[in-house]
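# Structure assessment
Residue strings, one per chain:
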Amino acid sequence: MIKCRVEGGAPAPVYRLFEADEYVCSGSVCSFVQSDVIVALQDIYTPNIGKFYEPQSGGTYHYGLVEEVYTGPGLILNPTNYTNCDDWCNSV
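## Structural notes on the state of the cysteines
- Enumeration according to the criterion identifies two disulfides in this entry.
- Cys-30 shares a disulfide with Cys-85; S-S distance 1.3 Å. A torsion of 45° about the S-S bond marks the disulfide between Cys-30 and Cys-85 as right-handed. Here Cys-30 is found in strand β2 (residues 29–42), whereas its partner Cys-85 is found in helix α1 (residues 85–91), with 55 residues between them in sequence.

Here it is in structure tokens:
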């Protein structure tokens, strides 16, 4: 991993990149949208492959981690995760 420092400031956060499947909720039902979406999770958090995350910026989509990858950029995720897709839909 490469850590960056802004001149005169604290080190910039470091992220790990993942391939993920994208999902959307229709009421309390989760529906697959697309695969091969690149997402990012800050490296201070332990990733859980197979769990579901929402974007840090919010939104209607959420992402199931598939595997770690090494090229980006990626959509930054909130570290809170859900065991399955429908759990996320029911929490909204």
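## Notes on the environment of Glu-67
- Positionally, Glu-67 belongs in strand β4 (residues 61–69).
- Overall, Glu-67 belongs to the partly exposed group, its relative accessible area being 41%.
- Between the C-alpha atoms of Glu-67 and Phe-18, which are 49 residues apart in sequence, the distance is 5.5 Å.
- The contact partners of Glu-67, leaving out residues within four places of it in the chain, are Leu-17, Phe-18, Glu-19 and Ile-49.

Calculation notes
Residues numbered from 1 in each chain as written. Predicted model: local features only at pLDDT ≥ 70, side-chain atom pairs only at ≥ 80, totals over all residues. Heavy atoms only, no water. Disulfide = S-S within 2.5 Å. Helix = DSSP H or I, 4+ residues; strand = E, 2+ residues; numbered from the N terminus. Buried < 20%, exposed > 50% of the residue type's maximum accessible area, 1.4 Å probe, protein only. Contact = heavy atoms within 4.5 Å.

Coordinates in, geometry out; function isn't part of it.
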